[in-house]
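Residue-level listing of the chains:
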Amino acid sequence: MLALNKVIVHHGQLPVLRGVSLTIEEGSIASLIGANGAGKTTLLRAITGLAKPTSGSISFRGNAIENRMPHDIVALGIVLVPEGRQLFSSLTVEDNLKVGSYLPQARRDRHSSLDHVYNLFPRLRERRGQLARTLSGGEQQMLAMARGLMAKPKLLMLDEPSLGLAPIVVADIFSIIKEINMQGTTILLVEQNVVHSLKVSHQGFVIENGRIVLSGTGEALLKDEHTKEAYFGTYKDRSGSAGR
């Protein structure tokens, strides 16, 4: 579904992504894990057109997208739920959801999509008339994910969906992620919660210092010695930098 080939992205003069190559299969959950500053969010921004690669290629279902505008990429079916939720705090839950269905096809299916996300997130149905800023952190994350689904994505990218949430809420979020995938949506998950993310993933990628240093199934990466050392203890960075 999605392929990156030797993608390099700079922030000013500083290279953030240093030749990233990866492939995400249609129908899968893929996790991208790495420390703060490793390049995870920049990779998502490159896929969505918000950060332009210096070199390399990005294709979605065989179509080159590295030079396309963000709104064109969304229209192809790639939707990003950003870190920090980025809700319209002064709008109601339902109005936030409607904002997600601005594309022509999504607008035509708005009513059925609302029913779909309310069935997936019943708590949002109960709070449909509340202002977004009055929701709990977990409810706000559910709203951000539901708003993304209103655009009818083929690939849904989630940036740190469990950040700052209580453990019981994190379990709910990951259960919903699995359900979204089972209903046919491919998911790219960026997470620092390594265990939860790899447990639900068919594919996994480890990024360090702007490079993919490990890839495999989620189960295999959970058992990998480098992954264990990197995220549960002291380690040496395979990209050549000191451990963080």
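See the structure shown above.
First, a word on what this report is: a plain description of the structure on this page. A quick note: this is a predicted structure, and the numbers were derived from the prediction, not measured.

### Brief notes about the overall build of the chain
Scanning the chain from N- to C-terminus turns up 11 helices and 10 strands. For 244 residues, the compact-globule estimate of 2.2 N^0.38 gives 18 Å, and the chain sits close to it at 18 Å. If you line up the chain on its principal axes, its C-alpha atoms span 50 × 40 × 30 Å. By the burial criterion, 49% of the 244 residues in the chain qualify as buried.

### Notes on the environment of proline 82
Topologically, proline 82 is positioned in the loop between β6 (78-81) and α3 (93-99). We classify proline 82 as partly exposed; its relative accessible area is 23%. Between the alpha carbons of proline 82 and arginine 45 there is a distance of 9.7 Å; along the sequence they are 37 residues apart.

### Regarding helix α5 (residues 110-120)
Those residues of α5 that fall on the buried side of the exposure criterion are Ser113, Leu114, Val117, Tyr118 and Leu120. On an axial view of α5, the arc spanned by its buried residues comes to 160 degrees, and they lie on one face. In α5, the exposed positions that point more than 90 degrees away from the buried face belong to His111 and Asn119. On the buried face of α5, the contacting elements are α3, α6 (122-126), α7 (137-149) and α8 (167-182).

### Examining the sheet that holds strand β1 (residues 2-11)
Spatial ordering of the open sheet is given by β2-β1-β4-β5, a layout of 4 strands whose pairing is antiparallel. The open sheet has two edge strands with one neighbour each: β2 (14-24) and β5 (63-64). Relative to strand β4 (residues 55-60), β1 runs antiparallel, the two being bridged by 5 bridges. Residue pairing across strands places leucine 4 opposite isoleucine 58, the latter belonging to β4.

### Observations concerning the pattern of salt bridges
Summed over all chains, the structure comprises 7 salt bridges. Ionic pairing is found between arginine 127 and glutamate 126, a salt bridge with its closest N-O pair at 3.1 Å. When its relative accessible area of 22% is taken as the criterion, arginine 127 is described as partly exposed. Between glutamate 139 and arginine 127 there is a salt bridge; the shortest N-O distance is 2.8 Å. With a gap of 12 residues between them, glutamate 139 in helix α7 and arginine 127 in the loop between α6 and α7 connect regions that are remote in the sequence. According to the relative accessible area criterion, glutamate 139 is buried, its value standing at 7%. Linked through salt bridges whose partners overlap, the residues forming this network are Glu126, Arg127 and Glu139.

### Thoughts on the sheet that holds β6
The 6 strands are arranged β6-β7-β8-β3-β9-β10 in an open sheet whose pairing can be described as mixed. Strands at the two margins of the open sheet, each flanked by one partner only, are β6 and β10 (211-216). Taking each pair of neighbouring strands and ignoring which way they run, the sheet shows an average axis angle of 20 degrees. Here strand β9 (residues 203-208) runs beside β10; their pairing, made up of 5 bridges, is antiparallel.

### Some thoughts on the side chain of threonine 48
Turning to its location among the elements, threonine 48 is positioned in helix α1 (residues 40-48). Owing to a relative accessible area of 7%, threonine 48 belongs among the buried residues under this scheme. A polar contact of 3.1 Å, which involves the side chain of threonine 48, links it to the backbone oxygen of arginine 45. Excluding residues within four positions of it along the chain, threonine 48 makes contact with Pro70, Ile73, Leu80 and Met157.

### Some remarks on the nonpolar core
Ranked by internal contacts, the top residues of the largest apolar core, which has 35 residues, are Leu97, Phe121 and Ile177. For this core, the element with the highest residue contribution is α8, accounting for 7 residues. Residue contacts for leucine 97: discarding those within four places in its chain leaves Leu114, Val117, Tyr118, Leu143, Ala146, Arg147 and Met150. Residues Val7, Leu43, Ile47 and Ile58 belong to the second largest nonpolar core, which totals 28 residues.

What counts as what
- Residues numbered from 1 in each chain as written.
- Predicted model: local features only at pLDDT ≥ 70, side-chain atom pairs only at ≥ 80, totals over all residues.
- Heavy atoms only, no water.
- Helix = DSSP H or I, 4+ residues; strand = E, 2+ residues; numbered from the N terminus.
- Rg over C-alpha atoms; globule rule 2.2 N^0.38 Å.
- Buried < 20%, exposed > 50% of the residue type's maximum accessible area, 1.4 Å probe, protein only.
- Arc of directions from axis to C-beta.
- Contact = heavy atoms within 4.5 Å.
- Pairing = 2+ DSSP bridges.
- Salt bridge = Lys/Arg side-chain N within 4 Å of Asp/Glu carboxyl O.
- Axes fitted to C-alpha atoms, helices over the stretch in contact; angles between N-to-C directions.
- Polar contact = N/O pair within 3.5 Å; in protein donor to acceptor, adjacent residues only side chain to side chain.
- Core = buried A, V, L, I, M, F, W, Y, C linked by side-chain atoms within 4.5 Å.

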